Structure formats: C-alpha cells, structure tokens
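Read off the chains here:
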Amino acid sequence: MSLNPFDLSGRVALVTGANVGLGQAIALGLAEAGSDIIAVSRRPATETGTAVEKLGRHFLSIEADLTSTAPIQTIVDQSINVMGKIDILINNAGIIRRAAALDFTEQDWDDVMNVNIKSAFFLAQAVGRHMVPRGTGKIINIASMLSFQGGIRVPSYTASKSGIAGITRLLANEWASKGINVNAIAPGYMATDNTEALRNDPARNRDILARIPAGRWGDSADLAGAAVFLSSDAARYVHGVVLPVDGGWQAR
Ligand code: NAP
C-alpha cells in the first residue's frame, strides 16, 4: 500500500496529443508520478518517449488520426495488448480554427467538432468499456476557458469545449458509482502552438495578459499538478468537476 495518495506507480495512462504542448507536459507529469504512458497522436511522440523512458517508465507511441472515430477501437486494443490495461485516459488532442461567425465554414465546424468532442467521447466510451468491468479508472478531459465563456472568432472550438464540459458531467453521473472518476481540466491561456496566433497579435496579447491575475501566460508544465491529482487516489471522491488552471482568469 502506498502512503502517498498521489503516487501513480504501476498505473498506465493513455494521453492523446502527447507529442507536444500541454499533452506532452501532462504525460511527463504523470510519468514523474510513476505512471507508464501510451501516447496517441498523428506524428510520432519520439521526444515524449525519450523523456518518459529516461524516468524509468514504459512507453508506447500509437500514431492515429482522431479526425475520425475509425482508429479508436484499435488504439484501445493495442494499448491493452501491449501494456495490459488502461488506468487513466487523458482526452487532450484538440484543434482550433479561427474566423468570424459570419464567415465560418462547415469544414472548420466539422474538423474541430470531430477531434475535440466526437472522438473524445467515443474514446472515453471505448476505454470506459474496459474500465467499468474492472471497477476502477480515471478519465480527464481537457476543456478550456471557452467551456465557461463565449470566446471570439472560434465558433466550433467554443461549441466543442462547452460540450466537453457537459459530457464530463454526464459521464461522471453515469460512471461515478462504477468506480470511475470523470473530470476535466480547463487550462487558461497557455503558451503553446495552439495560441501562437493570439500571442503574435499585439492587441490581443496585451488584453489577455491584462486580465490574468498571475500576470503571465501559462506554461505547459503548470498543468501537471492538476493532472496528477485528478489521476490519483487523492481525487477518489472528485467527480464531474471542470477545474480551471488559469492563473486566476476565472476570478476576474
Ligand atoms: P497543440 O500544441 O496544438 O497540440 C495539439 C495536440 O493535439 C497535438 O499533440 C496533436 O498531435 C494532437 N492532435 C490534433 N489533431 C489531432 C488528430 N486529428 N488526431 C490525433 N491527434 C491530434 O495544442 P495544445 O495547446 O497543447 O492543446 C492541447 C489541448 O488543450 C487541446 O484540447 C486544446 O484545445 C486545449 N487547450 C489549450 C489551451 C492553450 O492555451 N494552449 C487552452 C485551453 C485548452 P499532432 O501533432 O500529431 O497533430
């Protein structure tokens, strides 16, 4: 028995989008806490794999395109075949498309909704079918400030991130009694590829920084603590929350 409730030794975490950005930082945080890692992304997660193995954990990279649900069952089957089980799912892979609502295309709607919410739900379903019979598991969806607010020029992103907050609560309602904790993390404004356009726009960059009480953009590693907590026994009675990690943005 571990006396440290945050210890993830012996656990296996499947993290989508773990090759770069927030997903990579979450994967490394979980590996530091003891977990083995399965990384799912379109490009190989080579850098993440090197860092995870350096920490002494097992690592598996699965290349798959989550624009469609087609690869989901293969991802879950391969994960279980190679690693034996999935204890933790981090639904992190996500994209964003920016255009005014008057000009927004159906393609930009579908592409974002397919990755950010449709595949996230069906991956949770496929992993849930493995977790529920075992009576244990942690699912963490990566939400956004746009799970709470409207945003500007990102209609499908706002729809997907508002939706993922709802799906988090729905799955928590259905699966809390089955030993599964479903929660979400809502990152604030984090310095990654996803927000490069905002940081390169001087007016938007100034306005965003002025509203963050912490006075800086978030660093990817700022998410690791929340991810480890929600993945661990320390969060065993936490269900259906959308936890902001935002430098105080929501407090303004
Ligand atoms: P990022 O640097 O652009 O990374 C996106 C990740 O998603 C990559 O690993 C990418 O893998 C993966 N991905 C995208 N489309 C995919 C697809 N079709 N199939 C498989 N994997 C796919 O973004 P990030 O900033 O780290 O964002 C990660 C998550 O946090 C997203 O859900 C995002 O909405 C959310 N978020 C970010 C911020 C922020 O400020 N950065 C704030 C709130 C929420 P490939 O490289 O292989 O395409």
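So, here's what we can say about the structure. Keep in mind that what you see is a predicted model, and the values were worked out from it rather than measured.

Along the protein, the regular secondary structure elements total 8 helices and 7 strands. For 252 residues, the compact-globule formula gives about 18 Å, and the C-alpha radius of gyration of the protein, at 17 Å, lands near that figure. Projecting the C-alpha coordinates of the protein onto the three principal axes gives extents of approximately 50 × 35 × 35 Å. Considering only residue pairs separated by 6 or more positions, the protein has 69% of its internal contacts joining residues 24 or more positions apart. When the accessible surface of the protein is summed, it comes to about 11400 Å², and 52% of that surface belongs to carbon and sulfur atoms.

Moving on to the nonpolar core. Among the nonpolar cores identified, the biggest contains 28 residues, and Val15, Ile26, Leu30, Ile37, Ile90, Ile185 and Leu223 are the most heavily contacted of them. Per-element accounting of this core gives the leading share, 5 residues, to helix α1 (residues 21-32). When sequence neighbours within four positions are dropped, the list of residues in contact with Val15 reads Gly23, Ala27, Leu30, Ile38, Ala39, Val40 and Ile90. By size, the runner-up hydrophobic cluster in this structure holds 25 residues, among which are Ile62, Ala124, Met131 and Leu171.

Attention now goes to the sheet that holds strand β4 (residues 88-91). The parallel open sheet is built from 7 strands, whose spatial order is β3-β2-β1-β4-β5-β6-β7. Across the chains shown, the open sheet's two edge strands, defined by having one partner strand only, are β3 (59-63) and β7 (242-245). When strand polarity is set aside, the average angle formed by the axes of neighbouring strands in this sheet is 20°. With 5 bridges connecting them, strand β1 (residues 12-16) and strand β2 (residues 36-41) associate as parallel partners. Its bridge partner being in β2, Val15 is matched across the sheet by Ala39. Against the sheet, α1 touches β1, β2, β4, β5 (137-142) and β6 (180-187), its axis set at about 170° to β1.

Another point: the site of the ligand. Every one of the 30 residues lining the ligand counts as a neighbour, but Asn19, Arg42, Arg43, Tyr157 and Thr192 are closest to it. Take Leu22: an N or O atom from its main chain is 2.8 Å from an oxygen atom of the ligand. Taken by itself the ligand offers 880 Å² of open surface, and the protein chains cover 94% of this. Those elements that place two or more of their residues in the shell around the ligand are α1 and α5 (155-175).

A few words on α1. Between its first and last C-alpha atoms α1 spans 17 Å; for 12 residues at 1.5 Å apiece the expected length is 16 Å, and the two agree. Most of α1 is tucked away: 9 of the 12 residues are buried. Backbone geometry just after α1 places Gly34 at a positive phi near 120°.

Quick look at the packing of aromatic side chains now. By the definition in use, this model includes 4 aromatic pairs. Judged by centre distance (6.4 Å) and plane angle (45°), the rings of Phe6 and Phe229 are tilted. Taken as a pair, Phe6 in the segment before β1 and Phe229 in helix α8 (residues 224-231) lie far apart in primary sequence, 223 residues in all. What makes Phe6 partly exposed here is its relative accessible area of 39%. Pairing Tyr189 with Trp249 gives two aromatic rings, centres 4.6 Å apart and planes at 45°, and the pair type is tilted. Pair noted here: Tyr189 is in the loop between β6 and α6 (196-199) and Trp249 is in the segment after β7, with a separation of 60 residues, a long-range link. For Trp249, a relative accessible area of 7% puts it in the buried group.

Applying the stated criterion to the full structure yields 7 salt bridges. Here Arg11 and Asp233 are joined by a salt bridge, their closest N and O atoms 3.3 Å apart. Of the two residues, Arg11 is situated in the segment before β1 and Asp233 in the loop between α8 and β7; the sequence distance between them amounts to 222 residues. By relative accessible area, Arg11 is classed as buried at 19%. Its relative accessible area of 35% is what places Asp233 among the partly exposed residues. We note a salt bridge from Asp111 to Arg97, for which the minimum N-O separation is 2.8 Å. You can see Asp111 sitting in helix α4 (residues 106-134) and its partner Arg97 sitting in the loop between β4 and α4, a full 14 residues away along the chain. Overlapping salt bridges, with partners in common, bring together Lys85, Asp87 and Arg134 in one network.

Rules used throughout
- Residues numbered from 1 in each chain as written.
- Predicted model: local features only at pLDDT ≥ 70, side-chain atom pairs only at ≥ 80, totals over all residues.
- Heavy atoms only, no water.
- Helix = DSSP H or I, 4+ residues; strand = E, 2+ residues; numbered from the N terminus.
- Rg over C-alpha atoms; globule rule 2.2 N^0.38 Å.
- Contact = heavy atoms within 4.5 Å.
- Areas by Shrake-Rupley, 256 points an atom, 1.4 Å probe, with all protein chains shown as cover.
- Core = buried A, V, L, I, M, F, W, Y, C linked by side-chain atoms within 4.5 Å.
- Buried < 20%, exposed > 50% of the residue type's maximum accessible area, 1.4 Å probe, protein only.
- Pairing = 2+ DSSP bridges.
- Axes fitted to C-alpha atoms, helices over the stretch in contact; angles between N-to-C directions.
- Near = heavy atom within 4 Å.
- Polar contact = N/O pair within 3.5 Å; in protein donor to acceptor, adjacent residues only side chain to side chain.
- Expected span 1.5 Å × (residues − 1).
- Phe/Tyr/Trp six-rings, centres within 6.5 Å; stacked < 30°, edge-to-face > 60°.
- Salt bridge = Lys/Arg side-chain N within 4 Å of Asp/Glu carboxyl O.

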